[in-house]
Amino acid sequence: TQIGFSGGLAQSQVFSQILSDVLGIPVSQHHHRASNIGSAISATVPSIQWAEAAKLRASVSTLFTPDMTGVIEYNELYSRWRRLKSKLAALEDEL
């Protein structure tokens with residue numbers, strides 16, 4: 001399993017790697033205008049050729065795989081955040 005990533009933030013290699021680490025799955029970084037390009041392909045290429053067009057699009061993407069050190073660190077931070085959130089919720093109930 002992997003996700004495709006495009007748009008403004010997809011221009012950042014750092015953010016693409018962070019996204020891969022946080023989600024724990026590979027992230028395929030596409031051109032920042034991939035949605036526009038996909039719409040143009042859908043409008044101009046016969047549907048029978050969409051699979052071929054998708055292969056072409058995939059050939060120009062960059063794949064970021066999870067760095068296990070980052071995955072572990074983000075999981076620990078998320079666990080800590082959840083603990084703090086529940087403690088803050090308990091304090092809020094007291095108020």
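Residues numbered from 1 in each chain as written. Predicted model: local features only at pLDDT ≥ 70, side-chain atom pairs only at ≥ 80, totals over all residues. Heavy atoms only, no water.

**A few points about the side chain of Ser20**
- With respect to the helices, strands and loops of the structure, Ser20 is situated in helix H1 (residues 13-23).
- We classify Ser20 as buried; its relative accessible area is 0%.
- A distance of 2.9 Å separates the side chain of Ser20 from the backbone oxygen of Ile25, its partner in a polar contact.
- When residues no more than four places from it in sequence are discounted, the contact partners of Ser20 are Ile25, Pro26, Val27, Phe64, Thr65 and Pro66. (Helix = DSSP H or I, 4+ residues; strand = E, 2+ residues; numbered from the N terminus. Buried < 20%, exposed > 50% of the residue type's maximum accessible area, 1.4 Å probe, protein only. Polar contact = N/O pair within 3.5 Å; in protein donor to acceptor, adjacent residues only side chain to side chain. Contact = heavy atoms within 4.5 Å.)

**Describing the packing of H1 against helix H4 (residues 68-94)**
- As a packed pair, H1 and H4 sit with axes 8 Å apart at the nearest point and diverge in direction by 65°. Regarding H1 and H4, the two cross each other, and that crossing is right-handed. Along its contact with H1, which presents Ile18, Asp21 and Val22, the element H4 presents Gly70, Val71 and Tyr74.
- Of the residues belonging to the contact of H1 with H4, the class tally is four nonpolar, one polar and one charged. (Axes fitted to C-alpha atoms, helices over the stretch in contact; angles between N-to-C directions. Left-handed = near helix turned anticlockwise from the far one by under 90°. Nonpolar A, V, L, I, M, F, W, Y, C, P; charged D, E, K, R; others polar.)

**Structural notes on the sheet that holds strand S3 (residues 62-64)**
- Taken in spatial order, the three strands make up an open sheet running S1-S2-S3, and their pairing is mixed. Strand pairing shows two members of the sheet lacking a second neighbour, strand S1 (3-5) and S3, which therefore form its edges. Between one strand axis and the next, the sheet turns by 30° as a mean value, whatever way the strands run.
- Summarising the sheet, strand S2 (residues 27-29) and S3 pair through three bridges and their orientation is antiparallel. Residue pairing for S3: Gln29 is matched across the bridge by Thr62. (Pairing = 2+ DSSP bridges.)

**Structural notes on H1**
- When H1 is considered as a whole, its buried residues turn out to be Ser16, Leu19, Ser20 and Asp21.
- Of the surrounding secondary structure, the elements contacted by the buried residues of H1 are S1, S2, S3 and H4.
- Where H1 begins, one side-chain oxygen reaches toward the backbone nitrogen of Val14, 3.4 Å away; that side chain belongs to Ser12.
- Where H1 terminates, the next one or two residues include Gly24, which has phi positive at roughly 75°.

**Digging into the environment of Ser16**
- Along the chain, the position of Ser16 falls in helix H1.
- Since its relative accessible area comes to 0%, Ser16 is described here as buried.
- For the pair Ser16 and Thr65, spaced 49 residues apart in sequence, the C-alpha to C-alpha distance is 9.4 Å.
- In this structure, Ser16 is in contact with Phe5, Ala10, Val27, Gln29 and Phe64, ignoring residues within four places of it in sequence.

These figures come from the coordinates and say nothing about function on their own.
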